[in-house]
Amino acid sequence: MMEFETRAIHEGQAPDSVTGSVIVPIYMTSTYEQEAIGQHKGYEYSRTGNPTRTALEKALASIESGKFGLAFASGVAATTTVLSLLKSGDNIIAGDDIYGGTYRLLEKVVKNWGIETTYASVDDLTSFEKAIQPQTKLIWIETPTNPLLKIVDIKILSEIARRHNLILVVDNTFASPYFQRPLELGADIVVHSTTKYLGGHSDIIGGGVITSNEELYQQLKFYQNAIGAVPSPLDSYLVLRGIKTLAVRMREHEKNALFLAQFLENHPKVDRIYYPGLPSHPQYHLAKQQMYGFGGMISLELKGGFAAVEEFVARLKLFFLAESLGGVESLVCYPAKMTHGSIPEEERLRRGIKNNLIRLSVGIENQKDLQQDLENALS
């Protein structure tokens, strides 16, 4: 089997058989001529399948060490399609530190389908087993989590899921397939917002689902077509382009993030820092064990509360205040009002997302320039 960097560039992306183009063409078509009734050349309608999207789906499967990949119009579309595997009366167990958009989907949409969600502490994996009910069908986690960057032991959770015949889904967006491959650790399904590191340039919205279970894949493929939340050929092309440089970018993201985390860890204005690459992180050894690197995300709590956060954000020049993450440029986010604003304040605080918490998506600019920008904002 080829190494990661080679697969990211070549898997599903052979030169075009008609022209020899070394880059997969953007097939901007909605439909395809059929030779006769019931006889087509592999494609009928672009919601069902498109050659550019097929290339992306093969690439997604390969870099996640899976057999089957599916591409979607957004990360939330990918999540919604996975949750469509469930039916009224079923129960989900979700980690208590998850993206606010996933929480909103579970509480404001999926609950209306008659599907209840129980939240378990990612700090205590026995809480997941204790939460299992006869109607539980699926476990949903992120690792590293958003925004507190906790690390969840995928191998242990996959053993719990297998014992109880449950589907384990891991949102791998923060780590990217370069630094973590949950299917190798026993997960059944991996979900991505390809908007983030896989696209890598803050210019598309997309999602992905990867599995090696053919039965799950066939169900998910049906729902992908039936629900129809698929990416355009152009967006598929842009994610493919991003995947080609994923390995190079992730190494730079991590190098910069570790450098800045070490700088921030002992800064007098920082109350607490969350970065799994620091030996002080509670799951540092687990991160080293199940990940190939620590990623480019840092969260920190500032001394001085929300007033300090406002001043800090206002003084930044290189870190742009914006939603999202994983692009080549550095971003700063205030989870309480942005990514996790859909979680009620009392619940958000209970989960540890404080009013002085900020999240940094560390880009691939020069690390000294980024350090200076943070220093200027903190001073």
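Structure shown above.
J.: Explain the overall build of the protein chain to me, and be specific about the residues and the numbers.
T.: Looking only at helices and strands, the protein chain has 14 helices and 12 strands in total. Compactness check: the protein chain gives a C-alpha radius of gyration of 21 Å against a globular reference of 21 Å for 379 residues, within 12% of the reference. In terms of its C-alpha atoms, the protein chain occupies a principal-axis envelope of roughly 70 × 50 × 35 Å. Counting every position in the protein chain, which comprises 379 residues, the buried fraction comes to 57%. The long-range fraction of contacts in the protein chain, counting pairs at least 24 apart against all pairs at least 6 apart in sequence, stands at 72%. The centroid of the 37 positive side-chain charges in the protein chain is displaced by 1 Å from the centroid of its 43 negative side-chain charges.

J.: Could you give an account of the side chain of Asp373, with specific residues and numbers?
T.: Mapped onto the fold, Asp373 is located in helix H14 (residues 367-378). Buried charged residue Asp373 carries no salt bridge. Nearest counter-charge: Lys317, at 7.4 Å. In this structure, Asp373 is in contact with Arg315, Leu316, Lys317, Leu318 and Phe319, ignoring residues within four places of it in sequence.

J.: Any chance you could break down the pattern of salt bridges for me, citing the residues and the numbers?
T.: Scanning the entire structure with this criterion turns up 14 salt bridges. Bridged by salt links that share partners, the residues Lys87, Asp90 and Lys137 form one connected network.

J.: Report on the packing of aromatic side chains, specifying residues and quantitative values.
T.: Scanning the entire structure with this criterion turns up eight aromatic pairs. Each ring, one from Phe4 and one from Tyr178, has its centre 5.3 Å from the other, and the planes form 65°; the classification is edge-to-face. Within this pair, whereas Phe4 is found in helix H1 (residues 4-10), its partner Tyr178 is found in helix H7 (residues 176-179), the two being separated by 174 residues in sequence. Members of the aromatic cluster, connected to one another through ring pairs, are Phe4, Tyr178 and Phe179. Its end group placed over the ring of Tyr119, Arg351 keeps NZ or CZ at 4.3 Å from the ring centre.

J.: Go over helix H4 (residues 100-108) with me, naming the residues and quoting the values.
T.: Taking burial as the measure, the nine residues of H4 include seven buried ones, the bulk of the element. When we look at burial in H4, the residues that qualify are Gly100, Gly101, Thr102, Tyr103, Leu105, Leu106 and Glu107.

J.: Any details on the pairing of strand E7 (residues 207-211)? Residues and values, ideally.
T.: Most of E7 is tucked away: five of the five residues are buried. Burial along E7 is two-sided: Gly207, Val209 and Thr211 facing one way and Gly208 and Ile210 facing the other are all buried. Pairing of strand E1 (residues 68-72) with E7 involves five bridges; the strand directions are antiparallel. The residue bridging Phe72 from the neighbouring strand is Gly207, located in E7. In terms of strand pairing, strand E6 (residues 189-193) meets E7 through five bridges, oriented antiparallel. When the bridges of E7 are listed, Ile189 appears paired with Thr211.

J.: Outline the environment of Thr29, supporting the account with residue identities and numerical values.
T.: The topology assignment puts Thr29 in the loop between H1 and helix H2 (51-63). Of the residues examined, Thr29 reaches a relative accessible area of 29% and is grouped as partly exposed. As for Thr29 and Pro233, which are separated by 204 residues in sequence, their C-alpha atoms are 8.4 Å apart. Other than its neighbours up to four places away in sequence, Thr29 contacts Ser46 and Asn50. Within the local environment of Thr29, its side chain forms a polar contact with the backbone oxygen of Thr31, the two atoms lying 2.7 Å apart.

J.: Before we move on, could you go through unusual backbone geometry and cite the residues and values that matter?
T.: Cis rather than trans, the peptide bond between Thr143 and Pro144 has omega equal to -5°. Locating Pro144 in the fold gives a position in the loop between strand E4 (136-142) and helix H6 (154-163). Put simply, Asn146 and Pro147 share a cis peptide bond, and its omega is 15°. By secondary structure assignment, the location of Pro147 is in the loop between E4 and H6. Positive phi is not limited to glycine here, since Ser176 has a value of about 70°.

J.: Requested: an account of H6, with residues and values cited.
T.: Within H6 the residues assigned to the buried category are Ile154, Leu157, Ser158, Ile160 and Ala161. Each buried residue of H6 sits inside an arc of 160° when the element is viewed along its axis, so together they form one side. Looking at H6, the residues exposed on the side facing more than 90 degrees away from the buried face are Arg162 and Arg163. For H6, the elements touching its buried residues are helix H5 (126-131), E4, strand E5 (167-171) and helix H11 (284-290). Two to three positions downstream of the cap, the backbone nitrogen of Lys155 sits 3.2 Å from a side-chain oxygen, assigning the N-cap of H6 to Asp153. Looking one or two residues past H6, Asn165 carries a phi angle of roughly 55°, positive in sign.

J.: With reference to specific residues and values, describe the sheet that holds strand E12 (residues 357-361).
T.: Taking strand neighbours across the sheet as the criterion, the five strands line up as E8-E9-E12-E11-E10 in an open arrangement whose pairing is mixed. Single-partner strands in this sheet number two, and they are strand E8 (270-274) and strand E10 (320-321). Alignment of strand E9 (residues 297-302) against E12, held across five bridges, turns out to be antiparallel. Counted as the bridge partner of Ile298 is Leu360 from E12.

J.: I'd like a rundown of the sheet that holds E4, residues and numbers included.
T.: Pairing is mixed in the open sheet, where seven strands are placed in the order E1-E7-E6-E5-E4-E2-E3. The strands lining the two open edges of the sheet, one partner per strand, are E1 and strand E3 (116-120). Averaged over neighbouring strand pairs, the angle between their axes works out to 20° when direction is ignored. Sitting on the sheet, helix H3 (residues 75-83) is in contact with E1, strand E2 (91-95), E4, E5, E6 and E7, with an inclination near 155° to E6. Of the strands in this sheet, E2, E3 and E4 touch H4, which is tilted by about 140° from E3.

How each quantity is defined
- Residues numbered from 1 in each chain as written.
- Predicted model: local features only at pLDDT ≥ 70, side-chain atom pairs only at ≥ 80, totals over all residues.
- Heavy atoms only, no water.
- Helix = DSSP H or I, 4+ residues; strand = E, 2+ residues; numbered from the N terminus.
- Rg over C-alpha atoms; globule rule 2.2 N^0.38 Å.
- Buried < 20%, exposed > 50% of the residue type's maximum accessible area, 1.4 Å probe, protein only.
- Contact = heavy atoms within 4.5 Å.
- Lys, Arg positive; Asp, Glu negative; His and termini not counted.
- Charge placed at Lys NZ, Arg CZ, Asp CG, Glu CD.
- Salt bridge = Lys/Arg side-chain N within 4 Å of Asp/Glu carboxyl O.
- Phe/Tyr/Trp six-rings, centres within 6.5 Å; stacked < 30°, edge-to-face > 60°.
- Lys NZ or Arg CZ within 6 Å of the ring centre and 35° of its normal.
- Pairing = 2+ DSSP bridges.
- Polar contact = N/O pair within 3.5 Å; in protein donor to acceptor, adjacent residues only side chain to side chain.
- Arc of directions from axis to C-beta.
- Axes fitted to C-alpha atoms, helices over the stretch in contact; angles between N-to-C directions.

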